[in-house]
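So the chains spell out like this:
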Amino acid sequence: MPSIRSAHSPRSYALATLFAAVLALAPAADTARAGAVGPSGPTRAAGPRLPAPTGGLPVGQRTLALRDASREDPWEPGRARELMLSVWYPALPSDAPRAAYVTARESGMILRQHRVGGVPEDLLSRTGTHARTGPPALPAVGAGLPLVLLSPGFSLPRTSLTALAEDLASRGYAVAAVDHAYEAAAITYPDGRVTGCSACRPAVRGTAVAATRAADLSYVRRRLTAGAGAAVGAEGLPRLDPARVAVVGHSIGGAAAFEAMRRDPAFVAGVNMDGTFQPSDTGPLERPFLLLGADRHGRPGADPSWDLAWRRLTGPRAWFSAAGAVHTSFTDYAALTGATGSAAARGGPAAPVLPAARATRLTRELVAAFLDGHLREGPRPRADALLDAVGALHPQLRRHGR
């Protein structure tokens with residue numbers, strides 16, 4: 001069976017290169033040595049800011065904790081499966097504080113997990129977001145808002161997909177990013193515990209991770225769409241439409257999105273962003289699915305799992321690759337560094353790379369077009385027409401398999 005890439009794989013070293021570049025993005029005034037004394041006492045350097053959402057709606061964000069007492073955690077036997085969520089939603093205008101990206105402790109754990117040295121340990125905690133913390137939700141109409149669940153890459157925190165989440169929420173979606181217990185470098189729980197990546201060991205198989213995450217995603221879907229009070233902290237969220245739920249993932253999260261759709265017919269559509277599939281059977285999937293990959297996923301046969309999955313998709317489907325993109329191009333870490341590729345990150349000679357701003361924009365627009373084509377209420381344009389329109393705006397996008 002295929003094993004999952006370890007946290008010290010070549011992809012992890014590429015991620016370290018990208019993390020280390022974050023400091024170069026901070027304005028000159030922000031790169032002052034942390035600990036300098038200001039008028040109000042010690043200060044710390046500010047960090048970069050995520051790209052602004054492109055929709056017309058203000059965005060709120062809440063943090064939720066879920067506990068599935070019916071399942072034992074596979075990585076920590078004897079514990080029930082616990083999940084931390086960030087939920088973004090269209091909000092009423094508010095002057096509430098901006099949502100935190102990660103805590104200083106989480107930042108240090110994430111950087112150590114990916115062997116990033118030579119930068120302040122609290123670096124990622126300085127990242128600026130656009131969502132406000134807990135403002136009143138914009139009242140939902142009809143059956144409620146469509147819901148998108150996000151599953152991050154292996155060892156990456158749920159916050160690594162914040163730029164995509166904020167943008168979708170600004171377009172009218174509710175978005176919930178899931179921290180899968182013991183599969184991220186740092187997860188903080190309400191009782192103050194901060195856990196690391198127990199699953200980051202060579203013996204762990206990708207098929208087991210994808211299956212565990214698929215169960216997590218189905219559990220989250222049920223809890224969030226079950227009505228008021230179904231999840232602690234969810235009372236202020238907008239009403240969600242249980243008939244319009246999609247699942248989107250990066251890396252192993254993309255494989256989990258596929259497994260979640262295969263196992264749970266309540267998911268209407270799914271997206272895999274550059275993840276190697278971890279199929280547990282050979283059955284077809286008849287519901288809409290989008291593949292969005294980096295350079296290597298535009299070369300037939302480069303990842304046999306994509307060719308196999310493509311043949312199993314018997315419903316509406318689309319396969320795009322982005323020229324010059326690398327594995328992290330579809331995450332915040334590309335947006336934060338200002339460049340998504342380099343000779344070091346690509347593991348080879350210098351080659352044309354996809355600029356960070358373009359990577360963020362095409363990821364947001366392609367995912368939103370796909371979701372709009374399958375989740376919007378009432379009459380809507382064909383998803384293929386929306387995807388082709390995005391493709392026409394981004395010459396780096398190549399469509400395959402038509």
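Residues numbered from 1 in each chain as written. Predicted model: local features only at pLDDT ≥ 70, side-chain atom pairs only at ≥ 80, totals over all residues. Heavy atoms only, no water.

1. Observations regarding unusual backbone geometry
Look at Arg115: it is not a glycine, yet its phi comes out positive at around 55 degrees. With respect to the secondary-structure elements, Arg115 resides in the loop between helix 3 (104-113) and strand 5 (132-133). (Helix = DSSP H or I, 4+ residues; strand = E, 2+ residues; numbered from the N terminus.)

2. A look at the pattern of salt bridges
Inspection of every chain in the model, using the stated rule, returns 26 salt bridges. Asp241 serves as the salt-bridge partner of Arg244, at 2.9 Å between the closest nitrogen and oxygen. Both residues of the pair, Arg244 and Asp241, count as buried. Of the charged contacts in the structure, one is a salt bridge between Arg361 and Glu365, with a shortest N-O distance of 2.9 Å. Note that Arg361 and Glu365 are positioned in helix 10 (residues 356-375) at a spacing of four residues, about one turn of the helix. For Arg361, a relative accessible area of 39% puts it in the partly exposed group. (Salt bridge = Lys/Arg side-chain N within 4 Å of Asp/Glu carboxyl O. Buried < 20%, exposed > 50% of the residue type's maximum accessible area, 1.4 Å probe, protein only.)

3. A look at the state of the cysteines
By definition, a disulfide links two cysteine residues through a covalent bond between their sulfur atoms. Applying the stated criterion to the full structure yields one disulfide. Between the sulfur of Cys197 and that of Cys200 lies a disulfide, 2.0 Å long from S to S. Between Cys197 and Cys200 the sulfur-sulfur dihedral comes to about 75 degrees; the bridge is accordingly right-handed. The partly exposed category is assigned to Cys200, whose relative accessible area is 21%. (Disulfide = S-S within 2.5 Å.)

4. Let's talk about the packing of helix 10 against helix 11 (residues 383-393)
Helix 11 packs onto helix 10 with a crossing angle of 165 degrees between their chain directions and a minimal axis gap of 8 Å. It follows that helix 10 is roughly antiparallel to helix 11 by the angle criterion. Relative to helix 11, helix 10 is oriented so that their crossing is right-handed. Residues Arg358, Arg361, Glu365, Leu366, Ala369, Phe370, Asp372, Gly373 and His374 of helix 10 form the contact with helix 11, whose participating residues are Ala383, Leu386, Leu387, Val390 and Leu393. (Axes fitted to C-alpha atoms, helices over the stretch in contact; angles between N-to-C directions. Parallel < 35°, antiparallel > 145°, perpendicular 65-115°, else oblique. Left-handed = near helix turned anticlockwise from the far one by under 90°. Contact = heavy atoms within 4.5 Å.)

5. A short note on the sheet that holds strand 4 (residues 80-90)
Taken in spatial order, the 10 strands of this open sheet run 5-3-4-7-6-10-11-12-13-14, and their pairing is mixed. In this open sheet, the two edge strands, each paired with only one partner strand, are strand 5 and strand 14 (397-400). Note that strand 6 (residues 145-151) and strand 10 (residues 240-250) share six bridges and pair parallel. Along strand 10, the bridge assignment pairs Leu150 with Val248. (Pairing = 2+ DSSP bridges.)

6. Quick look at the packing of aromatic side chains
All chains considered together, the criterion is met by six aromatic pairs. For the ring pair Phe258 and Phe289, a centre distance of 5.6 Å and an interplane angle of 90 degrees mean the geometry is edge-to-face. Residue Phe258 is found in helix 6 (residues 252-263), and its partner Phe289 is found in strand 12 (residues 289-293); the two are separated by 31 residues along the sequence. The pair formed by Phe258 and Phe289 is uniform in burial state, with each residue classed as buried. Seen in terms of ring centroids, Phe277 and Phe289 are 6.2 Å apart; in terms of plane orientation they differ by 50 degrees. Their pairing is tilted. (Phe/Tyr/Trp six-rings, centres within 6.5 Å; stacked < 30°, edge-to-face > 60°.)

7. Observations concerning the environment of Tyr189
Looking at the secondary structure, you find Tyr189 in the loop between strand 8 (187-188) and strand 9 (194-195). Setting aside chain neighbours within four positions, we find Tyr189 in contact with Glu82, Met84, Ala181 and Thr195.

8. Looking at the confidence of the model for the protein chain
Averaged over every residue, the pLDDT of the protein chain is 85; the share at 70 or more is 82%. Between residues 23-43, whose pLDDT stays under 50, and residues either more than four places distant or in other chains, the model counts 24 contacts. This stretch, residues 339-350, has a pLDDT under 50; its non-local contacts, to residues over four places away or in other chains, come to 28 contacts. (pLDDT = per-residue confidence, 0-100.)

9. A short note on the packing of helix 5 (residues 206-225) against helix 6
The contact between helix 5 and helix 6 brings their axes to 8 Å, and the two run at 60 degrees. Judged on the interaxial angle alone, helix 6 and helix 5 are oblique. Helix-helix and strand crossings are classified by hand; for helix 5 and helix 6 the assignment is right-handed. Taking contact as the criterion, the partners of Gly206, Val209, Ala210, Ala211, Arg213, Ala214 and Leu217 in helix 5 are, on helix 6, Ile252, Gly253, Ala255, Ala256, Glu259, Ala260 and Arg263. Of the residues assigned to the contact of helix 5 with helix 6, the class counts are nine nonpolar, two polar and three charged. (Nonpolar A, V, L, I, M, F, W, Y, C, P; charged D, E, K, R; others polar.)

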